[in-house]
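Residues per chain are reported as follows:
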Amino acid sequence: MRVKRERRRRLEREYLRYRDTVTKAVERIRENVKRVSDRIRNNLRNIRDRVSNAISNANQRNLQKAKAMELSDKARLSVDSRDEANRDVLAVQNYLEDLDTVINNIRLLSQNGLLFIPTDFPQLNLTKALATYYFTPYIPNNEHFTMYAVKLTPLTVQKLANELADFYVSYQVDTDKLLNPYIRVADWFMNLFEMLLTFMRKKGRREKARGRSKGHYGVIRYDEPIHDMITVSLDGYSTLKLIHCIGQSYLLKRFKAMSLGFPELANYLDSVAVLAILRRKAKYTRLYPYKSKKTELYERFSKHRYIRRI
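Residues numbered from 1 in each chain as written. Predicted model: local features only at pLDDT ≥ 70, side-chain atom pairs only at ≥ 80, totals over all residues. Heavy atoms only, no water.

Student: Please set out the pattern of salt bridges residue by residue, giving values where relevant.
Tutor: If the charged atoms of two oppositely charged side chains come close together, the side chains can form a pair. Applying the stated criterion across every chain, the model contains 14 salt bridges. Arg 82 is paired through a salt bridge with Asp 83; the nearest N and O atoms lie 3.8 Å apart. Judged by its relative accessible area of 32%, Asp 83 falls in the partly exposed class. Between Glu 84 and Arg 87 there is a salt bridge whose closest N-O contact spans 3.0 Å. (Salt bridge = Lys/Arg side-chain N within 4 Å of Asp/Glu carboxyl O. Buried < 20%, exposed > 50% of the residue type's maximum accessible area, 1.4 Å probe, protein only.)

Student: Can you break down the side chain of Arg 107 residue by residue, with the values?
Tutor: Structurally, the position occupied by Arg 107 is in helix 2 (residues 80–112). What makes Arg 107 buried here is its relative accessible area of 15%. Polar side-chain contacts of Arg 107 include one of 3.4 Å to the backbone oxygen of Lys 159. Among the polar contacts listed, one links the side chain of Arg 107 to the side chain of Glu 163, at a separation of 3.0 Å. The residues contacting Arg 107, other than those within four sequence positions of it, are Lys 159, Leu 160, Glu 163 and Leu 278. (Helix = DSSP H or I, 4+ residues; strand = E, 2+ residues; numbered from the N terminus. Polar contact = N/O pair within 3.5 Å; in protein donor to acceptor, adjacent residues only side chain to side chain. Contact = heavy atoms within 4.5 Å.)

Student: Can you break down a positive patch on the surface residue by residue, with the values?
Tutor: The grouping of Arg 2, Arg 5, Arg 7, Arg 8, Arg 9, Arg 10, Arg 13 and Arg 17 at the surface amounts to a positive patch. For Arg 10, a relative accessible area of 38% corresponds to the partly exposed category. (Patch = residues over 30% accessible without salt bridge, like charges linked within 9 Å, V, L, I, M, F, W, Y side chains within 5 Å. Areas by Shrake-Rupley, 256 points an atom, 1.4 Å probe, with all protein chains shown as cover. Lys, Arg positive; Asp, Glu negative; His and termini not counted. Charge placed at Lys NZ, Arg CZ, Asp CG, Glu CD.)

Student: Give a description of the sheet that holds strand 3 (residues 208–219) that names residues and reports values.
Tutor: Across the sheet, four strands lie side by side as 1-6-2-3; this open sheet has antiparallel pairing. A single partner strand is all that each edge strand has here, and the edge strands are strand 1 (150–151) and strand 3. Where helix 2 meets the sheet, it contacts strand 1 and strand 6 (271–278), and its direction lies at approximately 20° from that of strand 6. (Pairing = 2+ DSSP bridges. Axes fitted to C-alpha atoms, helices over the stretch in contact; angles between N-to-C directions.)

Student: Any details on the side chain of Asn 105? Residues and values, ideally.
Tutor: Here Asn 105 is to be found in helix 2. Setting aside anything within four residues of it in sequence, one finds Asn 105 in contact with Phe 121, Pro 122, Gln 123 and Thr 127.

Student: Got a sec to walk through the nonpolar core? Specific residues and values, please.
Tutor: Judged by nonpolar contacts, the single largest core of 48 residues is most densely connected at Leu 152, Phe 167, Ile 220 and Val 274. Excluding its chain neighbours within four sequence positions, the residues that come into contact with Val 274 are Val 150, Lys 151, Leu 152, Phe 167, Tyr 168, Ile 226, Leu 242, Cys 245 and Leu 252. In this structure, Phe 145, Tyr 168, Ile 277 and Ala 282 belong to the second largest nonpolar core, which totals eight residues. (Core = buried A, V, L, I, M, F, W, Y, C linked by side-chain atoms within 4.5 Å.)

See below:
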């Protein structure tokens, strides 16, 4: 019995010693795990803070660069004015000595309603070349019209300053965007006439709808008010100075899109331009020189080529 008792006590002492050893080992492991976890957490927090600070600093630098390059107007969204200005600069750089003669030739073409350039014109070849940019019958795309008008750019406005002119505003847009059945018209009062004209032209959905709106008879100068929006009766609804129309084309696109009845088309208009027939008065300017003397709507439009003769 004594031997068994001693053996049991010895086993109890060994168990207690092992338990204490295991408990201390577990505590040390827990402390090590906690220490490692805290270190990993601190390292991750430091990495996150460094990355966040780097992103924040980069955003601040980019914001400062963007503010330094920021333009003061919305014309930066449209490159039409920039392209026209670059074309004018190239014309001045390459043909400065003959530029006055060429612009004068184009002026004579518009004043006299000449489609073909007379062969006795000075600088005939250069006149034909620059007419593809500034004279609407010779412009091959966007601003091509059979009327004998001059496209107003910074160069032509400078050369034709103080000339009497009959003003027009032209535009070009995809037909499927102008006659989209899934887009709600913002203003039928603005949209109706342009939509009916597009229907009567029988344009396909993949074709371009090109049109022009009649303005007033005035003087070519930078502060001349140009009609940017017209109503269904072809009356000017609002005006924009000529310098803004040709120097900040996005403004003219924005208001022309409102005139079409779809303000969201401002970024989808292929082109807008201000055209001028020099000195001569167009047909409707001669018929109705004053708004107060205009006849009724049907009589005004009865001579339009799209009105069916009965």
